[in-house]
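Here's the letter readout for the chains.
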Amino acid sequence: MPLEHSGEIDADASDDLYRIRHSLAHVLAQAVLEMREGATLGFGPPIQDGFYYDFVLPKPITEADFPDLERRMRRILKKGQRFYQEELPKAEAFARIDEMGEPYKREYAEELCEKNGLESLSFYRNGPFLDMCEGPHVDTAKDIPRDAFKIRSVAGAYWRGDSRNTMMTRIYAWAFEDKATLDAHIQAYELAQERDHKKLGRELDIFTIDNEIGRGLPLWLPNGTVIRDELEKLATELEFADGYQRVATPHIAKQDLFYRTGHLPYYADDMYPPIEVLEETEHGDVVKEAYVLKPMNCPHHHKIFSSSLRSYRELPLRLAEYGHVYRFEDSGAVGGLLRVRGMCMNDAHIYCTEEQIASEFRNVIALYDRAYSILGLKDYSLRLSCWDPEDPQGKNKYVDEPEAWESSQAVLRDILNELDLDYVEAKGEAAFYGPKIDVQFPTVTGREESVSTVQLDFAIPKRLDLKYVGPDGEEHVPYCIHRAPFSTHERFVAFLIEHFGGAFPTWLAPVQVRVLTVSEQFDVYAQRIVNELRADFVRAELGSTSDTVSKKIREGTTRKIPNLLIVGEREMEANEVTLRRYGIREQTTMPFETFKEKLRETIDTRALSFAL
RNA sequence: GCUCACAUAGCUCAGGCGGUAGAGCACUUCCUUGGUAAGGAAGAGGUCAUCGGUUCAAAUCCGAUUGUGAGCACCA
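Residues numbered from 1 in each chain as written. Chains lettered and ligands numbered in written order. Predicted model: local features only at pLDDT ≥ 70, side-chain atom pairs only at ≥ 80, totals over all residues. Heavy atoms only, no water.

Trainee: Looking at this structure, how should I read the overall build of chain A?
Mentor: In terms of regular secondary structure, chain A is built from 18 helices and 29 strands. When its C-alpha atoms are laid out on the principal axes, chain A stretches across 85 × 75 × 55 Å. Looking at the 612 residues of chain A, the share that counts as buried comes to 51%. Accessible surface, chain A as shown: approximately 29500 Å² in total, 48% of it carbon and sulfur. Charge separation in chain A, taken as the distance between the mean sites of 76 positive and 105 negative side-chain charges, equals 5 Å. (Helix = DSSP H or I, 4+ residues; strand = E, 2+ residues; numbered from the N terminus. Buried < 20%, exposed > 50% of the residue type's maximum accessible area, 1.4 Å probe, protein only. Areas by Shrake-Rupley, 256 points an atom, 1.4 Å probe, with all protein chains shown as cover. Lys, Arg positive; Asp, Glu negative; His and termini not counted. Charge placed at Lys NZ, Arg CZ, Asp CG, Glu CD.)

Trainee: What am I meant to see in the environment of Leu 238 here?
Mentor: With respect to the helices and strands, the residue Leu 238 is situated in helix H8 (residues 222–241). With a relative accessible area of 10%, Leu 238 lands in the buried category. Taking the C-alpha atoms as reference points, Leu 238 and Lys 560, separated by 322 residues in sequence, lie 28 Å from one another. Sequence-distant contacts of Leu 238, that is, excluding residues within four places in its chain, are made with Leu 367, Arg 370, Ala 371 and Phe 486. (Contact = heavy atoms within 4.5 Å.)

Trainee: It is not clear to me how the pattern of salt bridges should be interpreted in this structure. Could you clarify?
Mentor: Between side chains of opposite charge, a pair can form as their charged atoms come close. A full pass over the atoms with the stated rule returns 45 salt bridges. In this structure, Arg 318 and Glu 360 form a salt bridge, with 2.9 Å as the shortest nitrogen-oxygen distance. Residue Arg 318 is located in strand S16 (residues 317–326), and its partner Glu 360 is located in helix H11 (residues 357–375); the two are separated by 42 residues in the primary sequence. The burial state of Arg 318 is the same as that of Glu 360; both residues are buried. Close ionic contact of Glu 429 with Arg 383 constitutes a salt bridge, the shortest N to O distance being 3.3 Å. Pair noted here: Glu 429 is in the loop between strand S19 (423–427) and strand S20 (436–442) and Arg 383 is in strand S18 (residues 381–386), with a separation of 46 residues, a long-range link. Relative accessible area serves as the criterion here: at 4%, Arg 383 is assigned to the buried category. The structure contains a network of salt bridges with shared partners spanning Glu 34, Asp 68, Arg 71 and Arg 72. (Salt bridge = Lys/Arg side-chain N within 4 Å of Asp/Glu carboxyl O.)

Trainee: Honestly, the environment of Glu 107 in this entry has me stumped. Any pointers?
Mentor: Note on placement: Glu 107 falls in helix H5 (residues 103–116). Between the C-alpha atoms of Glu 107 and Ile 97, which are 10 residues apart in sequence, the distance is 10.0 Å. The contact partners of Glu 107, leaving out residues within four places of it in the chain, are Trp 159 and Arg 160. Here the side chain of Glu 107 touches Trp 159 through a polar contact of 3.2 Å, side chain to side chain. (Polar contact = N/O pair within 3.5 Å; in protein donor to acceptor, adjacent residues only side chain to side chain.)

Trainee: How do you make sense of unusual backbone geometry when you look at a structure like this?
Mentor: Excluding glycine, residues mostly have negative phi values, and the peptide bonds linking residues are mostly trans. Following Leu 264, the chain continues into Pro 265 via a peptide bond in cis, with omega recorded as 5°. Between Leu 315 and the following residue, Pro 316, the backbone shows a cis peptide bond with an omega angle of -5°. Position of Pro 316 among the secondary structure elements: in the loop between strand S15 (310–311) and S16. At Asp 465, a position not held by glycine, the phi torsion is positive, near 65°. Checked against the element boundaries, Asp 465 lands in the loop between helix H13 (460–463) and strand S22 (468–469). Its identity as a non-glycine residue notwithstanding, Ser 487 has a phi of 55°, on the positive side.

Trainee: Sorry, what's going on with the pairing of strand S5 (residues 120–126) here?
Mentor: Along any regular strand the residues' side chains alternate between the sheet's two faces. A large share of S5 lies buried, amounting to five of its seven residues. Of the strand pairs in this sheet, S5 and strand S6 (residues 129–132) are connected by four bridges, and their pairing is antiparallel. Paired with Arg 125 across the bridge in S6 is Leu 130. Remark: two residues form the turn of the hairpin made by S5 and S6, two consecutive strands paired antiparallel; Gly 127 in that turn has positive phi of roughly 60°. (Pairing = 2+ DSSP bridges.)

Trainee: Which parts of the structure should I look at to understand the sheet that holds strand S12 (residues 252–254)?
Mentor: Pairing is antiparallel across the open sheet formed by three strands, whose spatial order is S12-S14-S13. The two strands at the open ends of the sheet, each matched to only one other strand, are S12 and strand S13 (275–280). Neighbour to neighbour, the strand axes of the sheet diverge by 40° on average, direction disregarded. (Axes fitted to C-alpha atoms, helices over the stretch in contact; angles between N-to-C directions.)

Trainee: Got a minute to help me understand the state of the cysteines in this structure?
Mentor: Two cysteines whose sulfur atoms are joined by a covalent bond form what is called a disulfide. Summed over the entire model, instances satisfying the criterion amount to zero disulfides. Looking at the unpaired Cys 113, the closest cysteine sulfur is the one in Cys 133, lying at 15 Å. (Disulfide = S-S within 2.5 Å.)

Trainee: How do you make sense of the environment of Ser 546 when you look at a structure like this?
Mentor: Structurally, Ser 546 is set in the loop between strand S26 (540–542) and helix H16 (549–558). The exposed category is assigned to Ser 546, whose relative accessible area is 59%. As for Ser 546 and Ser 519, which are separated by 27 residues in sequence, their C-alpha atoms are 7.8 Å apart.

Trainee: What am I meant to see in the nonpolar core here?
Mentor: Side chains that are nonpolar tend, in soluble globular proteins, to be buried together. Leu 231, Leu 375, Phe 486, Leu 533 and Phe 595 are the most contacted members of the largest nonpolar core, which totals 73 residues. Per element, the largest residue contribution to this core is nine residues, and it comes from H11. Ranked by size, the runner-up nonpolar core spans 33 residues in total, among them Leu 24, Phe 129, Ile 151 and Ala 175. (Core = buried A, V, L, I, M, F, W, Y, C linked by side-chain atoms within 4.5 Å.)

Trainee: So what exactly am I meant to see when it comes to the sheet that holds S18 here?
Mentor: Through backbone hydrogen bonds, the strands of a sheet pair up, either in parallel or in antiparallel fashion. Overall, mixed pairing links the eight strands, which are arranged S11-S16-S17-S24-S21-S20-S18-S19 in an open sheet. At either margin of the open sheet sits one strand with a lone partner, and together these are strand S11 (245–246) and S19. Bridge count for strand S17 (residues 342–352) against strand S24 (residues 479–483) is five bridges, and the pairing is antiparallel. Bridge assignment links Ala 348 to a residue of S24, and that residue is Arg 483. Each of S16, S17, S20, strand S21 (448–457) and S24 is contacted by H11, which is oriented at about 155° to S21, the strand it contacts most.

Trainee: What is the right way to look at the pairing of strand S3 (residues 50–56) in this model?
Mentor: Of all the seven residues making up S3, six are buried; the element is thus mostly covered by neighbouring parts of the structure. Here strand S1 (residues 40–41) pairs with S3 via two bridges, running antiparallel. Within the sheet, the bridge partner assigned to Thr 40 lies in S3 and is Val 56. By the bridge criterion, two bridges tie strand S2 (residues 46–47) to S3 in an arrangement that is antiparallel. Directly across from Pro 46, in S3, lies its bridge partner Phe 51. The loop that links S2 with its antiparallel partner S3 comprises two residues. Looking at chain direction, S3 and strand S8 (residues 167–175) are connected through six bridges and run antiparallel. Opposite Gly 50, over in S8, you have Trp 174 as the bridge partner.

Below you can see the structure in the form of structure tokens.
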């Protein structure tokens, strides 16, 4: 199971907090067993900010039960039970687990003994509660603060993270060393919720999702469209500088193409079903033809590559497109802009020779670096996503070329090491046609998501018969690098909304300047300012005319407009404006021309703050 | 897809143990012409998600469906 999805942490087990959390998990289980006789236990590990425990319950536990559950836990803690460890030989251990009536513990115990060749198993006892568990725990419940934990949520979770298994009930709780830390954590969590892109997306009129259009098919409102266009402009400029050429391709293609690439039949569930039409051939026959919405742009770009005879002199050939793709994501996965069913991807495919792979990868990573530094994004991590030769899905999931896998993974690993970048390696996260480097960002709720990706494809070009003529006059198959530094508009804008908390830098802001008047008699002056700015392609607008100044400032601020200009008699007389930047109380009055120049500079340099 | 919860005005929410709904913001109009985070008044706006059941009567109770959220699984 990938680390970032499970919430498990590689904590130092000797850590006090780890012991507290782990022990609290046992106390929670004890309380649940009191409340629900006949419940059976799954796993109950410490996690990043607390712990959870999985149960199969005879009757569901819901949020309404939390106060009762917490009360019972506190009562248990008050008793100051000691935690005892017992090591039992295999046979005795199994007898005990059976006596406990814990089928899931039994299954895990058997596996532990088989896989790790264990001859004995460890148990922990506190009061009446007994659990098969490696520990470590606190010595006594007295070591656990009674006011530094809080039950957070209840959710379903498959036993052992496998959807073929029983769905258990997972109870999550926060737990810290003291109440102050817990309170601070909860407060930070609640504050983070304010930045949720779904909430801000609605408040700032960035996107909407309409049931009659369909789940996972967001509608971009004018404000959101500005953000998309600006990002696309930035991407286009960066790509132009790096020698990319733009192409444009249709949203659909014949189904057979995806059989050839190998995407079908294995990914049929993730695609919208085919559109079937009757077409007349040149001989007058009527044949049925199936078209699918493309789930990725690669095959279309590959066809552009193969549309003419390519020479090695043309390589590397870099084809870029913000292309629309459609994926039929599971209903439970769809949400907000983070997982959608129709998306617009900052795609490009680089066709190159084997010798060019390393330098092209370095170029791509440099492009990422430039893009992220412009946006002030620092909080991300890299993941080298490799194949899993032991995956039970095997050849269905990964192209069956073990040597190519190992060598291409080595190429990526070398590049990451050479550039001295921190990364984690993840087995089983590769694309089916090759390994990739994923860029992971944390969401507002602390979950990690892959935002951007660079992939090395050693398989599909061969399947589609792509080739170029080398210096030796022979035909060769090119390698293909897939990359999407700006991800999809959907996912990337979601992250940017949360990153900026909705307060976008001027160049990216839907409304860059709003002009507010002290009273209606200055509307003409204000309108002239708006007109002049708009003539300079600045997204400027006039604020409401009939409210009080306070009200106008409040409105401009809640809309998170980066630059508010206030004009009244003083400004009009001197042809000045008073600038009030978002989040800054001090204002600056300056000649309008000066403002206009500074604003131009701020926008042109894509500055994160105003270039005063 | 799975588990649990939720669904009342554009938004945020109240109410309703069965007798067809209410606030604030936003919107419209009028008054106010105000120098830094909500000036005042009036008006308009809802088959209480949908379908079905129970009932004299359902927005309220029950069921199904759809949608949303959290988490799990998935994520080429």
